[in-house]
Amino acid sequence: MVFSLPWAFPSVGYRASLDASRGAGLRFETSGSLALLASMAVCGIVGGGLLWFGRQNQGRIFRKEAMAVVGLSWILATVLGALPFFFAGTYRCSAVRLLGPEDPPVVFDFGWLRLRSQWKEAPRLDPDEHALFELLQAAGAVGMTPEKIRTTLPGRNGEVVLRRLIEREPTWKPVLLMPSRPNGLGDRAGNYRFRWVRMGIVDAFFESQSGFSTTGATVIADLEDSELIPHCILFWRSTTHFLGGLGIVVLFVSLLGGGAAGKALMRAEMPGPTKEGATARMQQTAWLFVAVYVGLNGMLALILKLAGLSAFDALCHAFATMATGGFSTYNSSVGHFVNHPDKYNSVVIEYTITVFMILAGTNFTLLYLCVIRQPGKLLADAEWRAYMGLIFLATLIVIVFGLLHGDFPDFNSGLRHGLFQVVSIITTTGFGTHDFDQWNSLGRAVLFVLMFVGGCAGSTAGGMKVIRHVLLLKILRQEIELSGHPTVIRPLRLRGKAVSDPDLRKNVLVYSCLIMVIFVLSWVFIVGFEPNITWGNTIEHKLIDCASGVAATLNNIGPGLGIVGATQQYTAFSPVTKMLFVWLMMLGRIEIFSILVLFSPRFWRTI
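Remember, predicted model here, so these are calculated numbers, not experimental data. (Residues numbered from 1 in each chain as written. Predicted model: local features only at pLDDT ≥ 70, side-chain atom pairs only at ≥ 80, totals over all residues. Heavy atoms only, no water.)

1. Here we look at the overall build of the chain
Looking only at helices and strands, the chain has 26 helices and 9 strands in total. Scored against the burial criterion, the 607 residues of the chain give a buried share of 55%. Counting only carbon and sulfur atoms, one obtains 65% of the accessible surface of the chain, whose full area is about 25600 Å². (Helix = DSSP H or I, 4+ residues; strand = E, 2+ residues; numbered from the N terminus. Buried < 20%, exposed > 50% of the residue type's maximum accessible area, 1.4 Å probe, protein only. Areas by Shrake-Rupley, 256 points an atom, 1.4 Å probe, with all protein chains shown as cover.)

Written as structure tokens, this is what we have:
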């Protein structure tokens, strides 16, 4: 958190073009810096307390202890990482959601203990009131000056309309702020505006776990207003990606030592079914991975800076890319740079991030071998070839059908946006340059399927991993062959060699079944528990939206379809559903078993 503090100074973190347009002044971010300092104090107290209680330890960690350490450390990281968001009073969304002109709006209920839904339906608006509310919604947290609101409606005084509305309907009084009733946000108190909702503790947990698990899902609707989320908090948000990229525990191994403890921790945390290291010693392996990871982060940040990004934006997007996280500093994600070709070299930015996403989804052992001039092992690796083949095939399908259905105006546009979105989803990064939720059905279906694929084992990507799908296909082919020829004995082969691990076959099948069971149960629960008001006038999409939300969080993707699509957030969901998403993100990040064993009483009795 120390490294986030300097961004509170305006000379470091100020983004003039954005903040000036929103009326934010050039000033020190007091709330953000105090939140970080308070969070650091809490972390110091917790860390010191744990060190004191563990002062008599023998330094020996075995498999069960390692699984407990991994699972509990991720839970603790989520709690501690949420503190800056909560202490800073970060705002997440407007208290008013407008649907269609004929539909009643939805307003936030500021009462306590609203576990199933925090939203309620408001009375309908007449056409003038709805038009005025649309303009206020577009104005965001800044709102509209009294002079502008008076002349907005043709033939009517907007101020009179709002005052009569509040007198007629008490529902609007808590959420519609007027100059006579200022409510925070500094010099904007003189404007007419909607009230914004602060992040509660559940929202903070969601944002923290999304960062550490490199999911990239968010509950924050406006990232570009420093009055709503200070730059230093925004940088901490991206830093959680950097820390979660290779895994906090892997960093612990590299810093605190190797031996049996390091090996056990590395095996418990590293994603994927294969735990091969580049060297025999786990600590040295961890150091090599960290060196490659940090080096690629630095290289990408430099390239993005040369392409026109500020140091702040370059670092945040480098962290999100190499961690395959997807947190951006702009509401339109990487699409912000694509939409402003006059300010940025958008083509270079887009293709550079695409290449580095592919690298981030590659096994870091293979990347290390390329560094020491052994690229042949990368090209010979069966998983990497399957990974690149899937990217090529999925991109080809998306481009062809996108051109047929008019999703892209020409081939170059289809290649840019199609390739970027395919790589973003299969690597579980979740960046966006195009609203893929508006694509044809087959294009969206391809992206949905890719959510369950993921990157390579030993990479920073989430998902089931390509190697598991390769093994699963081999296992299924063998089982089909055995059903017709039960006497045939054919060993399972991987990378041209017979697999010697007798448990690998079982582990792949069990893991795949667990993913499907957890997906189905979570999907059914959200469909039944989440109220229809979350969807408003798009209730017919509830089944698909819930399925994509579960898939996107369980596989650490971030954006899904519908209300959790490329241009949307998870802010409308109830607190209980958000906590389920937090649990799913944690399961997806550390390979399920390290979290599930924490719920087994037998595990704790025999540890």
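2. Side note on the sheet that holds strand β2 (residues 96-97)
Here 3 strands make up an open sheet; going across it, the order is β2-β3-β4 and the pairing antiparallel. Either end of the sheet is taken by a strand with one partner, and the two such strands are β2 and β4 (119-121). Of the pairings in the sheet, the one linking β2 to strand β3 (residues 106-108) comprises 2 bridges and is antiparallel in character. Counterpart to Arg-97 in the pairing with β3 is Val-106. (Pairing = 2+ DSSP bridges.)

3. Notes on the confidence of the model for the chain
Looking at the chain as a whole, its pLDDT mean stands at 86, while 89% of the residues score no less than 70. Mean pLDDT across the secondary structure elements of the chain bottoms out at helix α2 (residues 16-21), with 55, and peaks at helix α8 (residues 201-212), with 96. (pLDDT = per-residue confidence, 0-100.)

4. So, the pattern of salt bridges
The final tally for this structure, using the stated rule, is 9 salt bridges. Residue Arg-92 pairs with Asp-203 through a salt bridge whose shortest N-O separation is 3.0 Å. Of the two residues, Arg-92 sits in strand β1 (residues 91-94) while Asp-203 sits in helix α8, which places them 111 residues apart along the sequence. Considered together, Arg-92 and Asp-203 belong to a single accessibility category, that of buried residues. As a salt-bridge pair, Arg-156 and Asp-128 come within 2.8 Å of each other at their nearest N and O atoms. Remark: Asp-128 occurs in helix α5 (residues 127-138) and Arg-156 occurs in the loop between α6 (146-150) and α7 (158-168); sequence separation between them is 28 residues. (Salt bridge = Lys/Arg side-chain N within 4 Å of Asp/Glu carboxyl O.)

5. Some details on the packing of helix α18 (residues 382-404) against helix α19 (residues 411-426)
Viewed as axis vectors pointing N to C, α18 and α19 meet at an angle of 135°, and their least axial separation amounts to 9 Å. It follows from the interaxial angle that α18 and α19 lie oblique. The crossing of α18 and α19 is right-handed. Seen from α18, the contacting residues are Tyr-387, Leu-390, Ile-391, Ala-394, Thr-395, Val-398, Ile-399 and Leu-403; seen from α19, they are Phe-411, Gly-414, Leu-415, Gly-418, Leu-419, Val-422, Val-423 and Ile-426. (Axes fitted to C-alpha atoms, helices over the stretch in contact; angles between N-to-C directions. Parallel < 35°, antiparallel > 145°, perpendicular 65-115°, else oblique. Left-handed = near helix turned anticlockwise from the far one by under 90°. Contact = heavy atoms within 4.5 Å.)

6. A few points about the environment of Leu-309
You can see Leu-309 is positioned in the loop between α12 (282-306) and α13 (311-322). Leu-309 sits in the buried class, given a relative accessible area of 2%. Expressed as a C-alpha distance, the spacing of Leu-309 and Lys-343, which sit 34 residues apart in the sequence, is 8.9 Å. Setting aside chain neighbours within four positions, we find Leu-309 in contact with Leu-304, Ala-314, His-317, Phe-337, Tyr-344 and Ile-349.

7. Side note on the packing of aromatic side chains
Tallying each qualifying case throughout the model produces 31 aromatic pairs. Summarising the aromatic geometry, the rings of Tyr-570 and Phe-573 are spaced 6.1 Å apart at their centres and angled 35° between planes, so their arrangement reads as tilted. Take Phe-573: its relative accessible area is 1%, and that puts it in the buried class. Clustering of aromatic rings is evident, with ring pairs tying together Trp-7, Phe-235, Phe-242, Phe-289, Tyr-293, Phe-312, Phe-319 and Phe-364. Here the guanidinium or amino end of Arg-237 rests over the ring plane of Phe-327, the centre of that ring lying 3.8 Å away. (Phe/Tyr/Trp six-rings, centres within 6.5 Å; stacked < 30°, edge-to-face > 60°. Lys NZ or Arg CZ within 6 Å of the ring centre and 35° of its normal.)

8. A short note on unusual backbone geometry
Of note, Thr-214 is a non-glycine position whose phi angle comes to about 55°, a positive value. Relative to the helices and strands, Thr-214 resides in the loop between α8 and α9 (231-245). Looking at Thr-214, the relative accessible area reads 1%, which means it is buried. A positive phi angle, close to 85°, is found at Lys-465, a residue other than glycine. In this fold, Lys-465 is placed in the loop between α20 (441-450) and α21 (466-484).

9. A word on the side chain of Glu-224
Assignment of secondary structure puts Glu-224 in the loop between α8 and α9. From its side chain, Glu-224 meets the backbone nitrogen of Asn-331 in a polar contact 3.0 Å long. (Polar contact = N/O pair within 3.5 Å; in protein donor to acceptor, adjacent residues only side chain to side chain.)

10. Considering helix α24 (residues 575-589)
Given 3.6 residues to a turn, an α-helix orients residues that are three or four positions apart in the same direction. Compared with the 21 Å implied by 1.5 Å per residue over 15 residues, the 21 Å span of α24 between its first and last C-alpha is a close match. Buried within α24 we find Pro-575, Thr-577, Lys-578, Leu-580, Phe-581, Val-582, Leu-584, Met-585, Met-586, Leu-587, Gly-588 and Arg-589. (Expected span 1.5 Å × (residues − 1).)

11. Brief notes about the nonpolar core
Among the nonpolar cores identified, the biggest contains 121 residues, and Leu-450 and Tyr-570 are the most heavily contacted of them. When residues no more than four places from it in sequence are discounted, the contact partners of Leu-450 are Ala-394, Val-422, Ile-425 and Ile-426. Core analysis: the second largest hydrophobic core is formed by 28 residues, Ala-95, Val-107, Leu-125 and Leu-136 among them. (Core = buried A, V, L, I, M, F, W, Y, C linked by side-chain atoms within 4.5 Å.)

12. Thoughts on a nonpolar patch on the surface
A contiguous nonpolar patch, built from Phe-392, Leu-393, Leu-396, Val-400, Phe-401, Leu-404 and Leu-442 and spanning about 660 Å² of accessible area, is present on the exposed surface. Looking at the nonpolar patch, the element that brings in the most residues is α18, giving 6 residues. Secondary-structure assignment places Leu-442 in helix α20. When its relative accessible area of 35% is taken as the criterion, Leu-442 is described as partly exposed. (Patch = residues over 30% accessible without salt bridge, like charges linked within 9 Å, V, L, I, M, F, W, Y side chains within 5 Å.)

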